[in-house]
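Architecture and fold: a report
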Amino acid sequence: MEKKLKDLDKEALEKIKKSNDIERLEKLQVEFLGKNGKVTAVLRGMGKLSPEKRPVVGKLANEVKENIEGELKTRLNELKKEEEKERLKKETIDITLPGAEVSRGRLHPMQLIIGQLEDLFLRMGFSIEEGPDVETDYYNFEALNIPKNHPARDMQDTFYVEGDFLLRTHTSPVQIRTMEKQGPPIRIITVGKCYRVDELDATHSPVFHQLEGLVIDRGISFSHLKGVLIEVTREIFGEEREVRFRPSYFPFTEPSAEVDVSCFKCQGEGCPLCSRTGWLEILGAGMVNPRVLEMSGIDSEKYTGFAFGMGLDRMAMYKYEIEDIRHLWDNDLRFLKQF
Ligand code: DAH
């Protein structure tokens, strides 16, 4: 019996050494130490031994059992380590490989110019106001001193919604809303969509964008207006640009002016972009009409102000040399990718 145990010990150790996977080890555990295992069978037979022999064989059997258990454990650990090594090898990442390319979106040219202008005005101490696209007759016309018979009020020019409501034809109503809300001093701009009845063609769109500015304080004069607008045109069209103020008329400003910038394409020589005049018209402006101030509850004896409104679609078209306004609305990626 002792020989049998020693043989089993040897057999088991050899088999354990040779086994190359964990499953095989589990089978060996059953084969030798399981309920019907080879070592277990020997232990069971111990009852037949003489009382003297019993403790000797029992001790040996336990030693063999412990030995096999120990070897199984050691080999199991070895195999687990190897397995882990293999796994790590497979999982290594080659950080020198180029990554998958993510295609990035970009800003619409309209948004580019809006962002640039907003930045500039914020730097000059303006804040940004908003107003609704659906306006009332009062804010869009009446409070801006636009008389009842003014052609802009015509159904041919203005989209009326229903009742007193209409789609704003310019951003100027935000001037009124701001004056009513906060009172002087005021230094704001607003940017937004405007609507006019117009056939869509290369240079006209029934929906377009305006940027409106309003400054009201004590002692504001036309020279302040000039200073701000020269700053703006040079920021957008370049430092070398000339700025020209032409007398004009708007019901809500007095005096009023239209502002041109010297053509950046031909340096004022005359070219197709500027219709051979050397100038590009970019905005309307003026000193706020005292009547408008009074209607919004501002004392025109104490306060003066200036206002201006520019068409941003036209500005983007000049700046980026876009020859058809419809490109701004088509959302054709081949076009948008150029900016
Ligand atoms: N609201 C005018 C338009 O749409 C533009 C304009 C002109 C705005 C003069 C002003 C201004 O604030 O002072 O044609």
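Quick caveat, the model's predicted, so the values are computed rather than measured. (Residues numbered from 1 in each chain as written. Predicted model: local features only at pLDDT ≥ 70, side-chain atom pairs only at ≥ 80, totals over all residues. Heavy atoms only, no water.)

1. A look at the domain arrangement of the protein
As a reminder of what qualifies: By convention here, the domain bounds are inherited from an automatic or database domain assignment.
For the protein, the assigned domains are domain 1 (2-91) and domain 2 (109-336). Between the C-alpha centres of domain 1 and domain 2 there is a distance of 92 Å.

2. Observations concerning the pairing of strand E6 (residues 243-250)
Rule in force here: One bridge is not enough; two strands pair if DSSP finds at least two bridges between them. The secondary structure listing takes helices from DSSP runs of H or I that are at least 4 residues long and strands from runs of E that are at least 2 residues long, numbered from the N terminus.
In this sheet, strand E7 (residues 253-262) lies alongside E6 in antiparallel orientation, the contact comprising seven bridges. Within E7, the residue paired with Pro247 across the bridge is Ala257. Between the end of E6 and the start of E7, which pair antiparallel, lie two residues.

3. As for the nonpolar core
Let me state the cut-off plainly: Only buried residues count toward a nonpolar core. Its members are Ala, Val, Leu, Ile, Met, Phe, Trp, Tyr and Cys residues joined through side-chain atoms within 4.5 Å. For every residue, the accessible area (1.4 Å probe, protein chains only) is compared with the maximum for its type, and the residue is labelled buried under 20%, exposed over 50%, or partly exposed between those bounds.
In this structure, Phe121, Phe308 and Met310 are the most contacted members of the largest nonpolar core, which totals 43 residues. Every element with two or more residues in this core is listed here: helix H5 (109-123), strand E5 (207-217), helix H8 (222-237), E7, strand E8 (279-288), strand E9 (304-311), helix H10 (312-320) and helix H12 (333-336).

4. Re the environment of Leu112
To be explicit about the condition: Contacts are assigned to residue pairs that have any heavy atoms within 4.5 Å of one another.
Structurally, Leu112 can be placed in helix H5. Of the residues examined, Leu112 reaches a relative accessible area of 27% and is grouped as partly exposed. On a C-alpha basis, the gap between Leu112 and Phe339 in space is 8.6 Å, while along the polypeptide they are 227 residues apart. Apart from the residues within four sequence positions on either side, Leu112 is in contact with Leu107, Tyr320 and Phe339.

5. Things to note about unusual backbone geometry
Each neighbour pair has its own omega, and for Pro184 with Pro185 the value is 0°, a cis peptide bond. Mapped onto the fold, Pro185 is located in the loop between helix H7 (173-182) and strand E4 (186-195). Cis rather than trans, the peptide bond between Glu254 and Pro255 has omega equal to 0°. Relative to the helices and strands, Pro255 is located in strand E7. In the Ramachandran plot, Asn145 falls in the positive-phi region, its phi being about 65° despite a non-glycine side chain. Mapped onto the fold, Asn145 is located in the loop between helix H6 (137-140) and strand E3 (165-167). For Arg276, which is not glycine, the phi torsion reads 60° and is therefore positive. Mapped onto the fold, Arg276 is located in the loop between E7 and E8.

6. A look at the pattern of salt bridges
Heads up, the condition is: By definition, a salt bridge exists where a carboxyl oxygen of Asp or Glu is found within 4 Å of a side-chain nitrogen of Lys or Arg.
Overall, the coordinates contain 26 salt bridges when judged by the stated rule. Lys3 is the salt-bridge partner of Asp7, the closest N and O atoms lying 2.9 Å from each other. Remark: Lys3 and Asp7 occur in helix H1 (residues 2-18); sequence separation between them is four residues, near one turn of the helix. For Lys3, a relative accessible area of 59% translates into the label exposed. Between Lys265 and Glu321 there is a salt bridge whose closest N-O contact spans 3.3 Å. Linking Lys265 in the loop between E7 and E8 with Glu321 in the loop between H10 and helix H11 (327-330), this pair joins segments that are 56 residues apart in sequence.

7. Concerning the packing of aromatic side chains
Applied cut-off: Planes of paired rings set the category: under 30 degrees apart is stacked, over 60 is edge-to-face and the rest tilted, where pairs are Phe, Tyr or Trp rings (Trp by its six-membered ring) whose centres lie within 6.5 Å.
Under the criterion given, the structure shown has nine aromatic pairs. Aromatic pair Phe222 and Phe245: ring centres 6.0 Å apart, planes at 65°, arrangement edge-to-face. Remark: Phe245 occurs in strand E6 and Phe222 occurs in helix H8; sequence separation between them is 23 residues. Ring plane angle 25° and centroid distance 5.7 Å describe the contact between Phe250 and Phe252, whose orientation is recorded as stacked.

8. Considering the site of the ligand
Operational definition: Throughout, near means a residue has at least one heavy atom within 4 Å of the molecule or strand. Under the rule applied, a polar contact is a pair of N or O atoms within 3.5 Å (in protein, one hydrogen donor and one hydrogen acceptor; residues adjacent in sequence only if both atoms are side-chain atoms). Throughout, the Shrake-Rupley method with a 1.4 Å probe supplies accessible areas, and for residues the shown protein chains are the sole cover considered. Two kinds of site are reported from a 1 Å grid over the protein atoms alone, namely cavities, where a 1.4 Å probe fits but cannot get out, and pockets, open sets with protein on both sides within 12 Å along at least five of seven lines, and residues are called lining when an atom falls within 4 Å of a point. By definition, a pocket or cavity contains a molecule when more than half of the molecule's atoms lie within 2 Å of the pocket's grid points. Think of it as three bins: nonpolar holds Ala, Val, Leu, Ile, Met, Phe, Trp, Tyr, Cys and Pro, charged holds Asp, Glu, Lys and Arg, and polar takes everything else, Gly as well.
Near the ligand you find 15 residues, and of these His170, Gln175, Arg196, Gln210 and Glu212 are the closest. In this structure, Gln175 approaches the ligand through a side-chain N or O atom, which is 3.0 Å from an oxygen atom. Contacts to the ligand include Phe308, whose backbone N or O atom sits 3.3 Å from an oxygen atom. Relative to its unbound accessible area of 350 Å², the ligand is 89% covered by the protein chains. Using a 2 Å cut-off from the grid points, one finds that the ligand occupies the largest pocket. Of all the secondary structure elements, the ones that give two or more residues to the shell around the ligand are E5, E8 and E9. A per-class count over the shell around the ligand returns five nonpolar, eight polar and two charged.

9. Here's the deal with the layout of surface pockets
Put simply, the rule reads: Grid points are joined across faces, edges and corners, and a volume is the space filled by probe spheres set on the points.
One number sums up the size of the largest pocket: a volume of about 1300 Å³. Surrounding the largest pocket, 44 residues form its lining, Arg196, Phe208, Gln210, Gly311 and Arg314 being those nearest its centre. Every element with two or more residues in the lining of the largest pocket is listed here: E5, E6, E7, E8, E9 and H10. In terms of residue count, E8 provides more of the lining of the largest pocket than any other element does, six residues in total. Taken together, the residues of the lining of the largest pocket break down into 20 nonpolar, 15 polar and nine charged.

10. Things to note about the sheet that holds strand E1 (residues 127-129)
Basically, it comes down to this: Axis definition: a line fitted to C-alpha atoms, over the contacting stretch in the case of helices. Angles run 0 to 180 degrees between N-to-C directions.
The seven strands are arranged E1-E4-E5-E9-E8-E7-E6 in an open sheet whose pairing can be described as mixed. On the outer flanks of this sheet lie E1 and E6, each paired with one strand and no other. Neighbour-to-neighbour, the strand axes of this sheet turn through a mean angle of 25°, independent of strand direction. Where E7 lies against E8, eight bridges are found, and the strand directions are antiparallel. By the bridge assignment, Asp260 is partnered in E8 with Glu281.

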